[in-house]
Amino acid sequence: LRVEIPEEISEGQSPVLFCKTTCNLSDKTNFTWYKNGKRLSESIGSNKLLLPSVSSDDTGNYSCAVTDQKHLPVRCTSRLDLHISKIHPSGEIVEGDSVTLICSSDSNPPALNFIWFKENQTSSVGSGQRFSISSLNSSHSGRYYCEAQNKYGSQRSASV
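Notes on the structure in this doc start here. All of these numbers come straight from a predicted model, not from anything done at the bench. Residue indices follow the written sequence of each chain, beginning from 1 at its first position. In view of the model being predicted, local features appear only for residues whose pLDDT reaches at least 70, and side-chain atom pairs are presented and counted only at 80 or more, with totals across whole chains, interfaces and linings using the full set of residues. Water and hydrogen atoms were dropped before computing side-chain values, which therefore reflect all heavy atoms in the structure.

**Describing the sheet that holds strand 2 (residues 16-20)**
Strand pairing in a sheet takes place through backbone hydrogen bonds and is either antiparallel or parallel in direction. Filter applied, for reference: When DSSP locates at least two bridges between a pair of strands, those strands are taken to pair. Note on conventions: DSSP H or I runs of at least 4 residues are helices, E runs of at least 2 residues are strands, and numbering of each starts at the N terminus. Here, axes are lines fitted to C-alpha atoms. For helices the fit covers the stretch in contact, and angles between N-to-C directions go from 0 to 180 degrees.
In spatial order, the strands read 1-2-5; together these 3 strands make up an open sheet with antiparallel pairing. The outermost strands of the open sheet, each flanked by one partner alone, are strand 1 (2-4) and strand 5 (48-50). Taking each pair of neighbouring strands and ignoring which way they run, the sheet shows an average axis angle of 20°. With 3 bridges joining them, strand 1 and strand 2 adopt antiparallel strand pairing.

**Things to note about the pairing of strand 10 (residues 124-127)**
Strand direction decides the pairing type here: strand 9 (residues 113-118) and strand 10, joined by 3 bridges, are antiparallel. From the neighbouring strand, F117 faces strand 10, where its bridge partner is S124. Linking two consecutive strands that pair antiparallel, namely strand 9 and strand 10, is a turn of 5 residues; a positive phi of about 70° is found at N120 within it.

**Some thoughts on the sheet that holds strand 10**
Read across the open sheet, the 4 strands follow the order 10-9-12-13; overall the sheet is antiparallel. Looking at the sheet topology across the chains shown, the edges are occupied by strand 10 and strand 13 (153-156). Averaged over all pairs of adjacent strands, the angle between strand axes in this sheet comes to 25°, irrespective of strand direction.

**Structural notes on the side chain of N150**
Which entries qualify depends on this criterion: Polar contact is the term for a pair of N or O atoms within 3.5 Å; when the atoms are in protein, one must be able to donate a hydrogen and the other to accept it, and sequence-neighboring residues count only if both atoms are side-chain atoms. The criterion used for residue contact is that any of the two residues' heavy atoms lie within 4.5 Å.
For N150, the location among the structural elements is in strand 12 (residues 144-150). A distance of 2.9 Å separates a polar side-chain atom of N150 from the backbone oxygen of P109. Among all residues touching N150, those that are not within four sequence positions of it are S107, N108, P109, P110, A111 and L112.

As structure tokens, then:
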């Protein structure tokens, strides 16, 4: 199982989360949704969760579980952080704002190191899953990406 969300979510939007699986499930499969481990809802046959008009209160760790009625109950969960940022009406980040970029990985084994880079620079600008810039100014302008590493290698994210 895996939880899929839109790549970018702004405050006020109403995103739909999907609980995806490669298993063959019956029409009577129960899908259960959780936020930070607390049960949100259960539905039969629908793998979708609508989050109406999201705000920063909706930020959290969402997971889904399934119980197929044809077999003994089996629960599987997959977790994904949903991070919602406040965007100015114009959709732009402006000077003086604070920004946190978050890098996540679903590698197996899990990524141990996260390194942040600014495009067209050879040295890193930060490390860890979160990279924060407070009080933005023109020197911060540009595209950033992270590199996740485990014992088998590394993978670069898309630039933002």
